Amino acid sequence: MSTDPAIFRAVRPPLPLIVSSPSGAGKTTLTSRLRQAIPSIRFSVSHTTRRPRPAEEDGREYHFVDRRRFEELIAAGEFLEWAEVHGNLYGTSRRELEAAQGLRGIIFDIDHQGARQIKCAEPDAVGIFILPPNMATLLERLRGRASEDEDTVQRRFRVARQEIAHYGMFDYVLVNDDIDEATEQLVSIFRAEECRRRRAARLAEELLSEGRDLTRTAH
Ligand code: ADP
Ligand code: 5GP
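On a predicted model such as this, the values are computed, not experimentally measured, just so you know. (Residues numbered from 1 in each chain as written. Chains lettered and ligands numbered in written order. Predicted model: local features only at pLDDT ≥ 70, side-chain atom pairs only at ≥ 80, totals over all residues. Heavy atoms only, no water.)

Trainee: Which parts of the structure should I look at to understand the sheet that holds strand β4 (residues 62-64)?
Mentor: Remark on secondary structure: sheet strands pair via backbone hydrogen bonds, oriented parallel or antiparallel. In spatial order, the strands read β4-β3-β6-β5; together these 4 strands make up an open sheet with mixed pairing. Of all the strands in the sheet, just β4 and β5 (79-85) have a single pairing partner and so form its edges. Each strand of the sheet is rotated relative to its neighbour by a mean of 25°, with strand direction disregarded. Across 2 bridges, the pairing between strand β3 (residues 46-48) and strand β6 (residues 88-93) is antiparallel. When the sheet's bridge partners are listed, His47 is paired in β6 with Gly91. Packed on one face of the sheet, helix α3 (residues 67-75) meets β3, β5 and β6 and runs near 140° to β5. (Pairing = 2+ DSSP bridges. Helix = DSSP H or I, 4+ residues; strand = E, 2+ residues; numbered from the N terminus. Axes fitted to C-alpha atoms, helices over the stretch in contact; angles between N-to-C directions. Contact = heavy atoms within 4.5 Å.)

Shown next, in the form of structure tokens:
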């Protein structure tokens, strides 16, 4: 059997990666760097009722919808998970997971409520929590993003402690101080998780059965 990556992908489903953090800790920055390092990873584009930020594009960062449309999608059972975060609704469509078939992974940038629901639907999902090096830096980064007014920044900063309190449900905790080091850690986690024994079991069993058939024909 060849070791063509396409064959590995055919027998290994995409690795679901949940990435959570308090707002401003660096999820967007780090996950986009992970995708630059490993292009065959899909970013799950959520639906949200929050307004787009100036640089955001519908269908790229989020599918921006109003509350009525969001509620219709909930009623239609379209979401793998959904939750209310910072006063807005956010949800992951089931289609995102389907669209990742054949790829190496899929990133869910979601909060702890969504992480819990995805872990239930996809027990193999790997949870990564990102921490800022300290709270002053977090506030600085929230302000530095310059896409929200001071009230929104303060609201997100207040909620940060509640979000950090959920770090215990994640498999990995990564401190985003130096961006290059944090990126390297995230890429390493992905690569190591890809090699988990349970993810290779199907391939190993197929090799065993192929080996058995070849042994028979060789006699
Ligand atoms: P999140 O997606 O978690 O809300 P972002 O990725 O948008 O956070 O990061 C918030 C701000 O902090 C952005 O302006 C980003 O450029 C900056 N930032 C992220 N990581 C670092 C880092 N390690 N050092 C300095 N600035 C960072
Ligand atoms: P932001 O408005 O800064 O893009 O995201 C705010 C918070 O909502 C972040 O913690 C982000 O991870 C979370 N979030 C984004 N999409 C989803 C989603 O589909 N489901 C859930 N549960 N949370 C989400």
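Further notes follow.
Trainee: So what exactly am I meant to see when it comes to the site of ligand 1 here?
Mentor: Around ligand 1 sit 13 residues in total, of which Gly24, Thr28, Thr29, Arg145 and Asn176 are the nearest. Residue Asp177 places a main-chain N or O atom 2.9 Å away from a nitrogen atom belonging to ligand 1. For ligand 1, the accessible surface in isolation is 560 Å², of which the surrounding protein chains cover 74%. No other element matches the 3 residues that helix α2 (residues 27-37) contributes to the shell around ligand 1. Residues of the shell around ligand 1, tallied by class, amount to 2 nonpolar, 7 polar and 4 charged. (Near = heavy atom within 4 Å. Polar contact = N/O pair within 3.5 Å; in protein donor to acceptor, adjacent residues only side chain to side chain. Areas by Shrake-Rupley, 256 points an atom, 1.4 Å probe, with all protein chains shown as cover. Nonpolar A, V, L, I, M, F, W, Y, C, P; charged D, E, K, R; others polar.)

Trainee: What exactly am I supposed to notice about the layout of surface pockets here?
Mentor: It is the rolling of a water-molecule-sized probe over the atoms that shows where space remains empty. In this structure, the largest pocket occupies an estimated 1000 Å³ of space. Looking at the largest pocket, it is lined by 45 residues, and the ones nearest its centre are Lys27, Thr28, Arg53, Tyr62 and Asp109. For the lining of the largest pocket, the secondary structure elements donating two or more residues are α2, β5, β6 and α7 (150-164). Among the elements that take part in the lining of the largest pocket, α2 stands out by supplying 6 residues, more than any other. In the lining of the largest pocket, the residues fall into 15 nonpolar, 16 polar and 14 charged. Considering only enclosed or pocket space, the second largest pocket measures out at about 240 Å³ in volume. What lines the second largest pocket is Arg50, Arg51, Pro52, Arg53, His86, Asn88, Ser147, Glu148, Asp149, Thr152, Arg155 and Arg156. Among the elements that take part in the lining of the second largest pocket, α7 stands out by supplying 3 residues, more than any other. Inspection of the lining of the second largest pocket shows a minimum of three residues originating in each of domain 1 (5-44 + 104-218) and domain 2 (45-99). (1 Å grid on protein atoms, 1.4 Å probe; cavity = no way out; pocket = protein on both sides within 12 Å on 5 of 7 lines; lining within 4 Å. Points joined across faces, edges and corners; volume = space filled by probe spheres on them. Domains from an automatic or database assignment.)

Trainee: Sorry if this is basic, but what is going on with the site of ligand 2 here?
Mentor: Taken together, 17 residues surround ligand 2, and among them Ser46, Arg50, Tyr62, Tyr90 and Arg156 come closest. One nitrogen or oxygen atom from the side chain of Tyr62 is found 2.5 Å from an oxygen atom belonging to ligand 2. Backbone polar atom of Gly91 to an oxygen atom of ligand 2: 3.2 Å apart, as the coordinates give it. The fraction of the free accessible surface of ligand 2 (510 Å²) that becomes covered by protein chains is 96%. Among the detected pockets, ligand 2 sits in the largest pocket. Elements with a minimum of two residues in the shell around ligand 2: β5 and β6. The residue inventory of the shell around ligand 2, partitioned by class, reads 5 nonpolar, 5 polar and 7 charged. Mapping the shell around ligand 2 onto the domain boundaries places at least three of its residues in each of domain 1 (5-44 + 104-218) and domain 2 (45-99). (Sits in = over half its atoms within 2 Å of the grid points.)

Trainee: What should I look at first to understand the pairing of β6 in this one?
Mentor: Residues in a regular strand project their side chains so that they alternate between the two faces of the sheet. Counting buried positions along β6 gives 5 out of 6 residues, so the element sits mostly inside the fold. Bridge count between β5 and β6: 6 bridges; the pairing is antiparallel. Bridge pairing in β6 places Glu84 opposite Leu89. Connecting β5 to the antiparallel partner β6 that follows it, the hairpin turn spans 2 residues, and His86 within it adopts a positive phi of roughly 50°. (Buried < 20%, exposed > 50% of the residue type's maximum accessible area, 1.4 Å probe, protein only.)

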